[in-house]
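Single-letter residue listing:
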Amino acid sequence: MNISYNWLKDYLPTALSSEAIAEALTSIGLETGSIKEIEAIKGGLKGLVIGQVLTCEPHPDSDHLHVTTVDTGSGEPLQIVCGAPNVAAGQKVVVATVGTQLYSGEESFTIKKSKIRGVESNGMICAEDEIGIGTSHEGIIVLPHDATTGLPAKDYYKVESDYVLEVDITPNRIDAASHYGVARDLAACLSVNQSPCFARKPSVETFKIDDPTPAITVEVENTEACPRYSGVTLKNLTVKESPDWLKKRLETIGLRPINNVVDITNYILHETGQPLHAFDLREIKGNKVIVKTLPEGTPFVTLDSIERKLSDKDLMICNSEGGMCIGGVFGGLHSGVTESTRDIFLESACFNPAWIRKTARFHGLNTDASFRFERGTDPNNTLYVLKRAALMIKEVAGGSITGEIQDIYPIKQPNRTVELNLRKAANLIGKEIPVETIETILKSLEIEITNKQETGWTLSIPTYRVDVTREVDVVEDILRIYGYNNIETHEEVKSNLSYETEIDRSHKLQNSISEQLTGAGFNEILNNSLTSAAYYEDLTAYPKSNCVVLQNPISAELGVMRQTLLFGGLESIEYNRNRKHPDVKFYEFGNTYALFPEKQKEDNYLSAVKEAFKLSLWLTGHSVVNNWAHPDEKTSVYELKAYVENILLRLGVSRKKIIYKPFDSDIFSAALSVETVAGRQLGALGILQKGICRKFDINAEVYFAELDWDCLMKENKNSRIKYSEITKFPSVKRDLALLIDKNITFADIEKIAFQTDKKLLKEVNLFDVYEGKNLPEGKKSYAVSFTLQDEEKTLTDKQIESLMLRIRKNLEEKLNAQLR
């Protein structure tokens, strides 16, 4: 939220700089991310001074130029060549000295010492348009004779820069979503750290009904959705362009001025945090405003000219014939204020946050008004804001306030009562704050102490603080205003003995794997658990029917919970490729969610949802590029497989326990399933389908692996690290060239080999594959290496030949393998 420094000082006069205010706001929980200077006139008239023309003579080599000497109050008069027809001796003028930067739209130029037709010129006498204070270029600016020579032009014109503070508002602090709200918190902070002060609300005492003639009446049919509705009629207005001061205020915080009436409603919104809406009186048929819902599917054209189908839960502001506005969210196309409007009805209401939130999400709308109504506005502030707006509209648009104020408030909301135990507050804070300081803080925040006891106080919490409902909320307010940095850290440290839990073990191993992958050149990513349902269209691996759907999604792109980490990683790859980073290695730890309706138990929806923790890896682009010692090399699925195997090794999962099987999935063009010998799937890896990659504008191969971290933790728990001395007896290698069917995998050969012998056989490796000429149809050739070793003695030729014979026999019987 943007806060204007000068606007803020209207409610809390202070000599603090914008930087000091930003620091103070951050310290009390209103984190200020940036400060931007806004110049009323571009360049701020820097380098411009008031000068007096001492002499003015015709230029010797021109019929329209003049050679002047100008006193700028800096000592020696300056010789300046001027082309303006109205320059004359004795005038007070605005002078741009050498080095001054002047602006013309987005372009700028610097005044330099120069020669104009052979005569030296040391500056420039300026016209209005040249310094940004007007549009005239008919001649130079001629100031009154009493203008002080040598005075900076910015002081003469009283040019004042503003500063915009970007304040981050947490969802619970909607009370601070306005200039007055920020001023109130800042006053509390200054009261504790400097001297007592209070934010000043503009007075509305001058408000009065100009014409008692009855005007618009109001009827609220749905008081649950609209606890309070206030309104007043203003007639005989002149709707036109807003005055400069109002336009500048709005432009400073990033709003576009529209007309004086609409601009006042926007001004009041950012002043008080209370949204307003102005209706053209001509559109209120039957002179009656009705707050109600309309039937499901009712068409309504909003201010952006889009026809929307209403829900029967959308609260509408209607006239006697139909809807005029979606209450608290968006106005209608025809009921708004235009320059032809002469009479208006001004609305100041309080709407139920839940109703507004559902409507805004249903229609995909997010406005300044809905932002505030969704979080809760103060029902006891609507009348004050209505009067304040009416007075300001009269000030800028004229007119008269007609008829009595309409105020429908059937169930008045009282201030909440909270009991504050001072001893408990001290324990929570970790320090006894002086009672006087606590009183000052509460008073500054408009929290009233209604009863004082020795052990505690009874507090009346104003309705603007929708987030303060408990004692701990009050303690938090006291602490943040007092200052977290003012709570001393004790020298005494208290600790207790704790034991490692499964969660601790998982986090520890996650850190180990993160370090390993980062060391291998990966970058960790963290994506949103919410994703688009469109990603799951037509997938069988992750059917759309298994998506956990949000009832009130933030947007259509974030409408379901992710079933896989895949798509978030592809979004990250797309983002990087669009910024000229095509070679990426990513990994992510995160939860995935899948819905299985058949597993739902009675009314327990969550029983049908399976949540799993996954580790995913993505590779794309080159693994080596622009290296003098190594040619460029693209990443490959084999590189991905190596990273997966290193992860398994780090987790204590032996290669002997792992089997790779062909994996059929519509997200992969080719893939392997990573399984244990017992048949438990640990994950899958492979080459992503090109069609999936193209949806993210990725025109390169992407290699993806997703591992089930929960299953890996179970395997890790069963692993034991054992010490074994390096054997003194040598290992022996034997190779076999096998002719096998094309559908047989190396995993099949490896499995049969280890089934043949588990004591002497240590490793089985594939070192060559041949498919081509001179082989029977449907066959391929594998060259496989077998490593044999006895840890207690040297193997004999007889033992070696016996074992290799058994391995060959089993391969021939079970796989129909033949020796080449």
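Keep in mind that this is a model prediction, so the values were computed, not measured.

Draft legend 1. The side chain of Asp-473, seen in detail. Its location among the elements puts Asp-473 in helix H13 (residues 471–482). In this structure the side chain of Asp-473 is engaged in a polar contact, spanning 2.9 Å, whose partner is the backbone nitrogen of Thr-469. Dropping the residues within four chain positions of it, Asp-473 is found in contact with Asp-467 and Val-468.

Draft legend 2. A look at helix H14 (residues 502–519). When the terminal C-alpha atoms of H14 are compared, their 26 Å separation across 18 residues agrees well with the 26 Å that a helix rising 1.5 Å per residue should span. Within H14 the residues assigned to the buried category are Arg-505, Ser-506, Leu-509, Gln-510, Ser-512, Ile-513, Ser-514, Gln-516 and Leu-517. Elements that come into contact with the buried residues of H14 comprise strand E27 (523–524), strand E30 (584–595), strand E31 (609–620), helix H16 (637–650) and helix H18 (709–718).

Draft legend 3. Structural detail: the sheet that holds strand E41 (residues 818–819). The strand order across the open sheet formed by 4 strands is E39-E40-E38-E41, and the pairing between neighbours is antiparallel. The open sheet is flanked by strand E39 (761–770) and E41, the only strands paired with a single partner. Sheet analysis places E39 next to strand E40 (residues 779–788), joined by 8 bridges and oriented antiparallel. Bridging across to E40, Val-764 finds its partner in Phe-786. Sheet contacts for helix H19 (residues 746–756): strand E38 (732–741), E39 and E40; angle to E39, the most-contacted strand, approximately 155°. Strand contacts of helix H20 (residues 797–815): E38, E40 and E41, with the helix running at about 15° to E38, the strand carrying the most contacts.

Draft legend 4. View of the environment of Val-98. With respect to the element layout, Val-98 can be found in the loop between strand E6 (92–96) and strand E7 (101–104). Along the primary structure Val-98 and Lys-431 are separated by 333 residues, whereas in three dimensions their C-alpha atoms are 60 Å apart. Not counting residues up to four positions away in its chain, the partners in contact with Val-98 are Ile-111, Lys-112, Lys-113, Asn-122 and Gly-123.

Draft legend 5. Expanded view of the packing of aromatic side chains. Enumeration over the complete set of coordinates arrives at 17 aromatic pairs. The interplanar angle of 70° and the centroid separation of 5.0 Å between the aromatic rings of Phe-351 and Phe-373 together place this pair among those described as edge-to-face. With Phe-351 in the loop between strand E22 (344–350) and helix H8 (353–363) and Phe-373 in helix H9 (residues 368–375), this pair connects stretches of sequence that are 22 residues apart. On the numbers, 5.3 Å between centres and 80° between planes, the contact of Tyr-536 with Phe-567 is edge-to-face. Of this pair, Tyr-536 sits in the loop between strand E28 (530–531) and strand E29 (560–561) while Phe-567 sits in helix H15 (residues 566–577); the two residues are 31 residues apart in sequence, bridging distant segments of the chain. For the pair Tyr-536 and Phe-567, a shared accessibility class is recorded, and that class is buried. Taken together, Phe-522, Tyr-587, Phe-589, Phe-613, Tyr-643 and Trp-709 form an aromatic cluster joined through their ring pairs. A cation over a ring is seen here: Lys-201 above Tyr-384, with NZ or CZ 4.6 Å from the ring centre. Just above the ring of Phe-596 sits the side chain of Lys-599; from NZ or CZ to the centre is 5.0 Å.

Draft legend 6. How the structure looks around the packing of helix H12 (residues 435–444) against H13. Between H12 and H13, the shortest axis-to-axis distance is 10 Å and the interhelical angle comes to 100°. Between H12 and H13, the crossing angle belongs to the class labelled roughly perpendicular. Along its contact with H12, which presents Thr-437, Ile-438, Ile-441 and Leu-442, the element H13 presents Val-474, Asp-477, Ile-478, Ile-481 and Tyr-482. For the contact of H12 with H13, a count of residues per class yields 7 nonpolar, 1 polar and 1 charged.

Draft legend 7. Looking closely at the nonpolar core. Counting residues in hydrophobic clusters, the biggest one holds 78 residues, and the most contacted among them are Leu-25, Leu-234, Val-261, Ile-393, Leu-420, Val-474 and Ile-478. In terms of residues, this core owes the most to one element, helix H10 (residues 382–397), which gives 9 residues. Beyond its immediate chain neighbours, meaning those up to four positions away, Leu-25 contacts Leu-30, Glu-31, Thr-32, Leu-165, Val-167, Val-182 and Leu-186.

Draft legend 8. Representation of the pattern of salt bridges within the structure. Scanning the model with the defined rule gives 39 salt bridges in all. The shortest N-O distance in the salt bridge between Glu-307 and Lys-309 comes to 3.5 Å. Accessibility expressed as a relative area gives 49% for Lys-309, which makes it partly exposed. Between Arg-505 and Glu-502 there is a salt bridge, and its shortest N-O distance comes to 2.8 Å. Remark: Glu-502 and Arg-505 occur in helix H14; sequence separation between them is 3 residues, near one turn of the helix. Assessed through its relative accessible area of 14%, Arg-505 is described here as buried. A single network of salt bridges, built from pairs that share partners, joins Arg-173, Asp-175, Asp-185, Arg-465, Asp-467, Asp-477 and Arg-480.

What counts and how
Residues numbered from 1 in each chain as written. Predicted model: local features only at pLDDT ≥ 70, side-chain atom pairs only at ≥ 80, totals over all residues. Heavy atoms only, no water. Helix = DSSP H or I, 4+ residues; strand = E, 2+ residues; numbered from the N terminus. Polar contact = N/O pair within 3.5 Å; in protein donor to acceptor, adjacent residues only side chain to side chain. Contact = heavy atoms within 4.5 Å. Expected span 1.5 Å × (residues − 1). Buried < 20%, exposed > 50% of the residue type's maximum accessible area, 1.4 Å probe, protein only. Pairing = 2+ DSSP bridges. Axes fitted to C-alpha atoms, helices over the stretch in contact; angles between N-to-C directions. Phe/Tyr/Trp six-rings, centres within 6.5 Å; stacked < 30°, edge-to-face > 60°. Lys NZ or Arg CZ within 6 Å of the ring centre and 35° of its normal. Parallel < 35°, antiparallel > 145°, perpendicular 65-115°, else oblique. Nonpolar A, V, L, I, M, F, W, Y, C, P; charged D, E, K, R; others polar. Core = buried A, V, L, I, M, F, W, Y, C linked by side-chain atoms within 4.5 Å. Salt bridge = Lys/Arg side-chain N within 4 Å of Asp/Glu carboxyl O.

In short, shape yes, function no, at least from these values alone.
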